Amino acid sequence: MITYFLRRTLLAVPTLLVVSFLVFMLSRQTPGDPVLALQQGSGTATTDYASIELQDQAYRKTATFLGLDKPQFYFSLLPTAYPDSLYRFLYPDKKRALKGLIAQFGNWPRIEAYHQTLVHTERVTYQLPDTLAPDVLKSVRTALRLLHNHYQPERIEASLQDIHDQIAGVPQLSEPLQVLRAAWDAVVADQKVYRNWIPAFRWYGADNQYHHWISGVLQGDWGKSYLDGSNVSTKIAGALRWTLTLNGAAILIAYLLAVPLGVYMAVHAGKKRDQALNVLLFMLYSLPGFWIATLLIVFLTHPEYGMDWFPALGYPPYDPGRSKWEAFWLSSYHLILPVFCLTYGSLAYIARQMRGSMVKVLRQPYIQTAYAKGLPKSAVIWKHAFKNALFPIITLFAGVFPAAISGSFVVEYIFSIPGMGKLTVDAIMAKDWPLVYGILMLGALLTIAGILMADILYTLADPRVGFAKKQKT
Amino acid sequence: MTELSNPIQHPRLRNRFLSQPIARRAYRVIQILAVIALLSDFLANDKPLYCKIDGTSYFPVFKQYAVQLGLSTWDAQFVTKRWSEQSFEVAIWPPIPYAAHTIDLKNGRFTSPLAPQRVEKLSRRHWLGTDQLGRDLAAGLIAGTRTALLVGLVAMAIAGSIGILLGTAAGYFGNNNLRTHPFIAFVGLVGLGWIWYYWMVSRSYGLLEGRWLQQVLTALLYSMLFALALARLNRLLQRNGTLRTTIRIPLDDIILRIIEIVSALPGLMLILAITALIKNPGIYDIMLIIGLISWTGIARFARAEMIRIRSLEYLQAARVLGYGHWRIIRRHALPNILTPLLISLAFGMSGAVLLEAFLSFLGLGLDAEATSWGSLLNMAKSNISAWWMAVFPGLAIFALVLSFNLVGEGLSNAIERTTP
């Protein structure tokens, strides 16, 4: 059996790796520039070349610090049309434009030549004295900077034509512009689109972004929040405490109430009260948590309807003067409504499962035997039937727990409890991506752990499961 | 070969299902809501159904469809003046003479359904109250019915097709029954890989332009065509004996692994993250995301059903008769799987409806144009005293979710009783 557990755990590792890869790739598809997000938009519009260079240096420094100057993965399967080192282009907009050009024309040497000519031309415009033709120079510089981000041929053509029309009065610029024009024409004339159709395998080794990210994740370094620069792991740990408290309480109460209820229903199976309870539980199960939470907030937390019985906030204001006991009571008082919202759904689910499991056991011949021996009803139900019916209910825990956590999203958000749910929604609304992907990764970890736990509990409860699987493979 | 096909008799199942009073009522509720969704423009609209102005008859609600389709345009008098201010000779109004987006300035700032309202006629009363801007809640609920059912249906259509396809394939072929020549397997792998490579990597230009949905669907179409052609070729070559040696393809293991990975992604968090990634998520994006994430349960169910059915005698008989895989799956296996699958589709519908409502409740889902029960409920948070904004939209969500759950439960009872 131990070997089965070991094997099952080992099988989860590749799943985890694939999931981590998916989360990583999703994080790299995020719109926006992480470097600018970290610099907090400190870059202002500058006019002279020196300060542009300075800005560029600062940008490169931040990007290197974030590890963005490295290849994304151990290897790449990009088309042969791509150069080995497109990852060295740091600006996402520029990279995007280059990718667009490659996808359309497929001829990297020409595209690179065009790009370098563009950089050179831009530098020429800054080397000319401003006094020469201030308005023209300014607008040409802007046009050239924007040209870096264009990849649609018609827009590039239009932009080049536009610049050509503007510089009629500045002869110093006409020659560089002609060179640029020629470079662009070469890109268009010498297309090698087919090079996009053939994948090329390129090996980059361990010094890549994914490797650094995943080893950071494994060592507990989950990155830094864009908002306040604090560690993602600290933020998550703080929030997780609330979520676990909330869900621990809710699941405990749900089990304590649901198990006797399920047994009661099973003993009276088929009678009117069982049917009534069944319908009631079904309705409870279908009640949307966010609706009930909203209703409770509207009706029970404000004097508006004369029922101002509970606080609207899910946690008490911090006061160091309070004794532990007082603090505990106050927190409990604040947590009553959220815990209620979390409890009723799992309660209904567990009670229905308990009923089903118990009904099945009560039909077994050995229960009949026990009755036939003349044992009292309570002894048969609790000693013979209940023990056997309880096993599948314990294994439910592994499924109930992840469901409860995603359910507590809603409740935490509505009652403003600083748990995982509120953290996630706030992070998404504030576009704090490192935090979002940290949470996503943790969620995946928890789900996989839940599935693993369910499997193991299942095998413990019913050893045939594990061995059956073993025989099959 | 009809005698081979159906061990579960559909009329019997239908009777069993409808003989349960609760399930029957839940089914009726869904039917009524579906009718409301279909006729929503005729039930709540700021335009009259029929009207007569200066001796000319108009059917503005019908004309609205023509205008939306670009077949017609509004006359100038209707564009410059609000519908409620026109002077009609005769006008037949819908039961609720407001559309979901109609702003009634006189009854703005959360007018209660019980409070006196500034309306000319009783028929123009806001029976369920209004929101901050004076939009009628009843009209909003009717428009929301359409959104909820549409999201549920499309999401389940997507999840259902993926889940049934993968689940039945995994269950039918298992690990040992899909055999092919190594050459064909190689060509298939390379071909499929290249099709996806071409549409996702080589044509990344289109992805930059935001055409990802089109490209994914095109790639899907091409890979299906390619797989079909390859299967044909495989059979042809095996029949005439060119390819004798075969290897087995562990399809079951492959598909199970995919299911495991997709279900390991925390659904709600992933959906939240993706809706934030898309610039302006519209209703179709939401449907697609919900569908692409919630197919795993259906696939698991379809696989289990298929494994159960595979060993039944009638299917073995079909195999002995020498029918092809495709024919057996399509004609003999699928009809019998679909009935039990209705259970997981019904529960899936309730899940999708709930998810859409929750996303709009958070304000992360739909764009501002679409009215959803969730976004109506969300307004209750900003004004506590507007109890009607909290009660009615939630009641609608609850009714639909409960009905789908009850139908699913009723179906599973009916099937349990029909199959021995």
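Described below are features of the structure shown in this document. Treat the numbers as computed from the prediction; the structure is a model and nothing was measured.

**Notes on the interface of chain B and chain A**
Opposite the 50 residues of chain B that make contact, chain A presents 61 residues. The contact between chain B and chain A buries some 4900 Å² in all, and 77% of this surface belongs to carbon and sulfur atoms. For the interface between chain B and chain A, the tally reads one salt bridge. Our count for the chain B to chain A interface comes out at eight residue pairs in polar contact (both at pLDDT 80 or more). Broken down by secondary-structure element, the contributors of at least two residues to the side of chain B that touches chain A are α8 (182-202), α9 (204-208), α11 (251-264), α12 (267-277), α16 (325-362), α17 (373-382) and α18 (387-418) of chain B. Broken down by element, the residue count for the side of chain B that touches chain A peaks at twelve residues, all from α18(B). Here the residues of the side of chain B that touches chain A are counted per class, giving 38 nonpolar, six polar and six charged.

**Remarks on the pattern of salt bridges**
All names here are of chain A. All chains considered together, the criterion is met by 13 salt bridges over all chains. The residue D84 makes a salt bridge to R202 at a minimum N-O spacing of 2.9 Å. With D84 in the loop between β1 (75-76) and α4 (92-105) and R202 in strand β2 (residues 202-203), this residue pair connects regions lying 118 residues apart in the sequence. Residue classification places R202 among the buried residues on the basis of a relative accessible area of 9%. We note a salt bridge from R181 to E157, for which the minimum N-O separation is 2.8 Å. With R181 in helix α8 (residues 171-189) and E157 in helix α7 (residues 153-166), this pair connects stretches of sequence that are 24 residues apart.

**Some points on the packing of aromatic side chains**
Using the criterion set out here, one finds 41 aromatic pairs over all chains in the structure. A ring pair is formed by W74(B) and F78(B), whose centres lie 6.4 Å apart and whose planes are at 80°; its orientation type is edge-to-face. Among the aromatic residues, ring-to-ring pairing joins F21(A), F24(A), F73(A), Y74(A), F75(A), F201(A), Y210(A) and W213(A) into one connected group. Between K381(B) and the ring centre of F361(B), over which it is positioned, the NZ or CZ distance is 5.0 Å.

**Regarding the sheet that holds strand β2 (residues 56-58) of chain B**
Residue and element names in this part refer to chain B. The three strands are arranged β2-β1-β3 in an open sheet whose pairing can be described as antiparallel. Unpaired on one side and paired on the other, β2 and β3 (90-92) mark the two borders of the sheet. When the angles between neighbouring strand axes are averaged without regard to direction, this sheet yields 20°. Looking at chain direction, strand β1 (residues 50-53) and β2 are connected through three bridges and run antiparallel. Directly across from C51, in β2, lies its bridge partner Y58.

Each value, and the rule that gives it
- Residues numbered from 1 in each chain as written.
- Chains lettered and ligands numbered in written order.
- Predicted model: local features only at pLDDT ≥ 70, side-chain atom pairs only at ≥ 80, totals over all residues.
- Heavy atoms only, no water.
- Contact = heavy atoms within 4.5 Å.
- Buried area = accessible area lost by both parts, 1.4 Å probe.
- Salt bridge = Lys/Arg side-chain N within 4 Å of Asp/Glu carboxyl O.
- Polar contact = N/O pair within 3.5 Å; in protein donor to acceptor, adjacent residues only side chain to side chain.
- Helix = DSSP H or I, 4+ residues; strand = E, 2+ residues; numbered from the N terminus.
- Nonpolar A, V, L, I, M, F, W, Y, C, P; charged D, E, K, R; others polar.
- Buried < 20%, exposed > 50% of the residue type's maximum accessible area, 1.4 Å probe, protein only.
- Phe/Tyr/Trp six-rings, centres within 6.5 Å; stacked < 30°, edge-to-face > 60°.
- Lys NZ or Arg CZ within 6 Å of the ring centre and 35° of its normal.
- Pairing = 2+ DSSP bridges.
- Axes fitted to C-alpha atoms, helices over the stretch in contact; angles between N-to-C directions.

That is the geometry; function is a separate question.
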